[in-house]
Structures are given as C-alpha cells and as structure tokens.
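Residue strings, one per chain:
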Amino acid sequence: MLARENIDRLMGLSGNVRTTEGDKVGSIGTFYTDDDTGEPTWVTVKTGLFGSSESFIPLQEATVDGDDVVVPFSKDHIKDAPRVAEDGHLDPGEESRLYNHYGLEGRGGTMGTADVDANYHRDAADVDAGYNRDAGDNRDTDRGRDDEAMTRSEERLNVGTEKQATGRARLRKYITTENVTTTVPVQREEVRLEREPITDANAGDAMSGPELTESEHEVTLHEERPVVDKETVPVERVRLEKDTVTDEVQVDEEVRKERIETEGTGPDQTRR
C-alpha cells in the first residue's frame, strides 16, 4: 500500500497508472483515503476517450515508479471494474463490490460487512489539475464542505471563426488567331510617251545627232509591293487581387445551466 507521503508527492503531477507488465492504463485521477487512518486506499484512473471514464483500483499492493503508480492488475481487468459514482465517497457496498472484483479482502480480513464498515472519502486535491470534467456532469463537487454552500454552474457559448479554403482562382493565357485587313498605299512607275515639236529654240539639239540611224532606248520601270512583318508587343497587364468581405452569420446553439431550488424554507422560496 502506498504511504501518505507518496500521495502528497504525486498530487499535482501528471502521472499515469501502469501495470506491472509496463502497460499504461490511463492517467492518475483521484486518491481516496481512509476516514479513520488517513492512509490512501484507492486511486481512480482515467480511461476512455479524453479520460471520460474512471475506474477504481485498490492500493494494497501498488508501488510508485517515478511519477507513476504501478498496480498488479491487467489493463482489461481494471477497465472491467464495477462502475462506482466518483462522488468523493465510497460506501461499504461499493467498496465490497470493488474488492470482490479484484479478488482482495477488505480491511481486517474477510469481506464481511464489519470489515468494510468504515467509510472512505476522496482526497481534496485532484491529481490531474488540468483535467476538465464534462460540463453536463451533475455530481455535487461541493459535498463535504463546511460552508453549507452549493456551487451553481452553467454553460457559456464561445463563438470564434476559422479560415478555410473555399475555392481557387487562376490566370491562364492562351493564343487566338484573327484576320486583320488593312490598306497600304504602293507606288509604281508607268511609261508615258511625250512628243516635243522642233522649234527654233531646240532645232540645234535636233540637228546635232547623226543623220539617219536606227537606235533603241530602254527605260526601267519600278513599283512598290507590300511587305508584311509581325512583331509581339505588350498591350496590357492583368493580375488577381483578393478583397476581404465581412458577412454576419447568426449562430443558434443551446447552452445548459444549473438551477438551485431550496426546500423547507417557507412558501414560494424557490431560488434560481
């Protein structure tokens, strides 16, 4: 059985419960101590999804290894233990069922009622301080306090936003072909026959040549033809821009809250 000083050290640490074969059962939940002696007698281990279930394990043959508690029971055997309300107290009947499951004797020898008649209470500090119990758990966590007060809790809705991809946009450039018709002015040379009569002014030029001869005179004609050349020039730049648009989305969700009623304090004295 673990000593009280072991429990004081383990409280506040994030230790686990392991089997003697080295299998991890789950994280340490709560230690239960004897009302008479104050010695730790039971420990709960958190199992299931997110530690949603707790199983009781006796500490009679348990040992401490670093921050962990080592017990001589298999993982399946622990998970099959009778479900007992983890309400801060073990009554004799609940303790008897647990001892029978683990094949152990109660305090004082046999498992008779007299041997388990002493009640047990849960240690005030939960070992795993970061463990959040389900908001819908209706167990009274104020039981055992001396101020005769009850804590009322309620759910509050926390709404946030997350960014997720809804689509993709891209720019794609492709080539199209179209016909372009244009008019280009071109020039060409043509032959025109001109006759110049002989006059007194030019008679000298006409008489300076040979008397009678045969001759030819050739003239070269020119013309322009269209020449086509293509060049690539930038005409426009296109880009994608993102704009952030804010919309309002209405969220409709149910939240639960606890109500407290009083009895025996007079007519119509219900307090909420």
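Residues numbered from 1 in each chain as written. Predicted model: local features only at pLDDT ≥ 70, side-chain atom pairs only at ≥ 80, totals over all residues. Heavy atoms only, no water.

A. Spatial organisation of a nonpolar patch on the surface. On the surface, a nonpolar cluster with roughly 330 Å² of combined accessible area is contributed by Leu 157, Val 159, Val 251 and Val 255. Among the secondary structure elements, Val 251 is positioned in the segment after helix H4 (203-207). (Patch = residues over 30% accessible without salt bridge, like charges linked within 9 Å, V, L, I, M, F, W, Y side chains within 5 Å. Areas by Shrake-Rupley, 256 points an atom, 1.4 Å probe, with all protein chains shown as cover. Salt bridge = Lys/Arg side-chain N within 4 Å of Asp/Glu carboxyl O. Helix = DSSP H or I, 4+ residues; strand = E, 2+ residues; numbered from the N terminus.)

B. Representation of the pattern of salt bridges within the structure. Counted by the stated rule, this structure contains 10 salt bridges. Residue Arg 18 is joined to Asp 68 by a salt bridge in which the shortest nitrogen-to-oxygen separation is 2.9 Å. Of the two residues, Arg 18 is situated in strand E1 (residues 16-19) and Asp 68 in strand E6 (residues 68-71); the sequence distance between them amounts to 50 residues. The exposure classification of Arg 18 matches that of Asp 68, with both residues buried. Linking Glu 223 and Arg 225 is a salt bridge whose minimum nitrogen-to-oxygen distance equals 3.5 Å. Judged by relative accessible area, which is 47%, Glu 223 ranks as partly exposed. With relative accessibility at 65%, the residue Arg 225 sits in the exposed group. Linked by salt bridges that have partners in common, Arg 152, Glu 154, Arg 156 and Lys 257 make up one network. (Buried < 20%, exposed > 50% of the residue type's maximum accessible area, 1.4 Å probe, protein only.)

C. Structural detail: the packing of aromatic side chains. Under the definition given, this model contains 3 aromatic pairs. Note on Trp 42 and Tyr 99: the rings are 4.9 Å apart at their centroids and 50° apart in plane angle, and the pair reads as tilted. Placement of the pair is Trp 42 in strand E3 (residues 40-47) and Tyr 99 in helix H3 (residues 92-102), with a sequence separation of 57 residues. Judged by its relative accessible area of 1%, Tyr 99 is buried. (Phe/Tyr/Trp six-rings, centres within 6.5 Å; stacked < 30°, edge-to-face > 60°.)

D. View of the confidence of the model for the chain. Looking at the chain, the pLDDT average stands at 76 and 75% of residues meet or exceed 70. Taken together, the stretch residues 108-145 has pLDDT below 50 and engages in 93 contacts with residues farther than four places along the chain or on a different chain. (pLDDT = per-residue confidence, 0-100. Contact = heavy atoms within 4.5 Å.)

E. Highlighting the side chain of Thr 19. Structurally, Thr 19 is set in strand E1. Residues in contact with Thr 19, not counting those within four places in the same chain, are Val 25, Val 70, Val 71, Phe 73, Ser 74 and Lys 75.

F. The arrangement of H3 in detail. Taken together, the buried positions of H3 are occupied by Glu 94, Glu 95, Ser 96, Leu 98, Tyr 99 and Tyr 102. Here H3 starts with a cap whose side-chain oxygen sits 3.2 Å from the backbone nitrogen of Gly 93, and that cap is Asp 91. Gly 103 occupies a position one or two residues after H3 and carries a positive phi of about 65°. (Polar contact = N/O pair within 3.5 Å; in protein donor to acceptor, adjacent residues only side chain to side chain.)

G. Spotlight on the pairing of E6. The alternating pattern of E6 places Asp 68 and Val 70 on one face and Val 69 and Val 71 on the opposite face, and all of these are buried. Taken together, the 3 bridges between E1 and E6 define a ladder with parallel strand orientation. Bridging across to E6, Thr 19 finds its partner in Val 71. Alignment of strand E5 (residues 63-65) against E6, held across 3 bridges, turns out to be antiparallel. Each bridged residue has a counterpart across the sheet, and for Thr 63 the counterpart in E6 is Val 70. Counted along the chain from E5 to the antiparallel partner E6, the turn is 2 residues long, and its residue Gly 66 has a positive phi close to 70°. (Pairing = 2+ DSSP bridges.)

H. Expanded view of the nonpolar core. Counting 26 residues, the largest nonpolar core has Phe 31, Ile 57, Val 69, Val 71 and Ile 78 as its most contacted members. Counting only elements with at least two residues in this core, the list comes to helix H1 (4-10), strand E2 (24-34), E3, strand E4 (53-58), E6 and H3. Of all the elements, E2 adds the most residues to this core, at 4 residues. Leaving out residues up to four positions away in the same chain, Val 71 has contacts with Val 17, Arg 18, Thr 19, Thr 20, Ile 57, Ala 62 and Ile 78. (Core = buried A, V, L, I, M, F, W, Y, C linked by side-chain atoms within 4.5 Å.)

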